[in-house]
Amino acid sequence: MIDIRGLTVEYEGGIKALDGVDLVISEGDSLGLIGANGAGKSSLFRSLTGLTAFKGSIMFNGLEVIKKNMPEIRKDIGYVIQESDDQMFMPKVIEDMIFGPVNYGMAKDDAVKKADEILEQLEISHLKDRYNHKISGGEKKMAAIATILMMKPKVILFDEPTSSLDPHNRRTVINAIMEIEATKIVASHDLDLIYDICDKVALLNRGCIVKVGSKDEILRDKKLLEENGLELPLSFSGR
Ligand SMILES: Nc1ncnc2c1ncn2[C@@H]1O[C@H](COP(=O)(O)OP(=O)(O)OP(=O)(O)O)[C@@H](O)[C@H]1O
Ligand SMILES: [Mg+2]
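### Focus: the coordination of the magnesium ion (ligand 2)
Point 1. Looking at the metal site, the magnesium ion (ligand 2) is ligated by Ser-42 (OG) and Gln-82 (OE1), spaced 2.0 to 2.3 Å from it. With Ser-42 in helix H1 (residues 41-48) and Gln-82 in the loop between strand E6 (77-80) and helix H3 (93-103), this pair connects stretches of sequence that are 40 residues apart.
Point 2. Taking relative accessible area as the criterion, Ser-42 reaches 14% and is therefore assigned buried.

Listed below in structure tokens is the structure:
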């Protein structure tokens, strides 16, 4: 479904965020993307969604990720960005949620009905009519996830979906992500979450893929994780 070849991202000032990354994601996969701060996880997401210039090639469902194909590709990709402040652009949560579907032709009443279901699933119905700029960081994250779910994308990229969430909301989001039938790529430092949600894991270090394997192969390998600036998930560490 997604075929990444030789993906290289170089920002101004010569910072190489990704350096020749090859990665294949099949339909229905749930892939964890892990790596220390600055490893290149968000840069990979930004490349996939055409938000940053890159060298190499990315094929998405048979379409090359290039400017002219982006309107088509964006319909199928949901991207929960790392900074939820930048995700929401309408004044109220409900307005953000229905914006995409209504724009694509759904009747407003139907969109609101759908939004109600998703708000309920995420246990955030109380946020429906709140103003985006007047809710907390964690609430914003929840609202951003709700907005992405409205579009029923074929692929969802989650960049740190549970950062700033309290334990209850973290669990709610994990359960919601597990229930989604889309192909998923989840970047996170929360390796327990990656273990719960993903089947496969790709480990990045300084812009390069170190290893791709099953979650057990990678997340139980203390030495491998430590060599790459990470630690065993809490559930395996005996702490
Ligand atoms: N807009 C930018 N301009 C210049 N350098 C950038 C830019 N965005 C990211 N970088 C650099 O690119 C590298 C990869 O950053 P990226 O955000 O992809 O890492 P990450 O794995 O998502 O990190 P984190 O875990 O902290 O979110 C880092 O060295 C970062 O400083
Ligand atoms: Mg990041």
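### Some words on H1
Point 1. For H1, the buried fraction is high: 7 of the 8 residues fall into the buried class.
Point 2. Among all positions in H1, only Lys-41, Ser-42, Ser-43, Leu-44, Phe-45, Ser-47 and Leu-48 are buried.
Point 3. Immediately downstream of H1, the backbone of Gly-50 shows phi near 70 degrees, a positive value.

### Considering the nonpolar core
Point 1. In this structure, Ile-34, Met-97, Leu-122 and Ile-194 are the most contacted members of the largest nonpolar core, which totals 47 residues.
Point 2. Among the elements that line this core, the one with the most residues is helix H5 (residues 137-150), at 8 residues.
Point 3. In terms of nonpolar packing, the next biggest core, distinct from the first, is built from 29 residues, Ile-2, Leu-31, Leu-157 and Ala-187 among them.

### Quick notes on the sheet that holds strand E7 (residues 155-159)
Point 1. Ordered by their spatial adjacency, 6 strands build an open sheet running E6-E7-E8-E3-E9-E10, and the pairing between neighbours is mixed. Each edge of the sheet is formed by a strand with only one pairing partner; in this case those strands are E6 and strand E10 (208-214). Taken pair by pair, the neighbouring strands of this sheet meet at an average axis angle of 15 degrees, ignoring direction.
Point 2. Inspection of the sheet shows E7 paired to strand E8 (residues 183-187) by 5 bridges, in the parallel sense.

### As for the environment of Ser-84
Point 1. Structurally, the position occupied by Ser-84 is in the loop between E6 and H3.
Point 2. Judged by its relative accessible area of 8%, Ser-84 is buried.
Point 3. For the pair Ser-84 and Ile-145, spaced 61 residues apart in sequence, the C-alpha separation works out to 9.1 Å.
Point 4. The contacts of Ser-84, once residues within four sequence positions are left out, are Gly-137, Lys-140, Lys-141 and Ala-144.

What counts and how
- Residues numbered from 1 in each chain as written.
- Chains lettered and ligands numbered in written order.
- Predicted model: local features only at pLDDT ≥ 70, side-chain atom pairs only at ≥ 80, totals over all residues.
- Heavy atoms only, no water.
- Donors = N, O, S within 2.8 Å, 3.2 Å for Na, K, Ca; no water.
- Helix = DSSP H or I, 4+ residues; strand = E, 2+ residues; numbered from the N terminus.
- Buried < 20%, exposed > 50% of the residue type's maximum accessible area, 1.4 Å probe, protein only.
- Core = buried A, V, L, I, M, F, W, Y, C linked by side-chain atoms within 4.5 Å.
- Pairing = 2+ DSSP bridges.
- Axes fitted to C-alpha atoms, helices over the stretch in contact; angles between N-to-C directions.
- Contact = heavy atoms within 4.5 Å.

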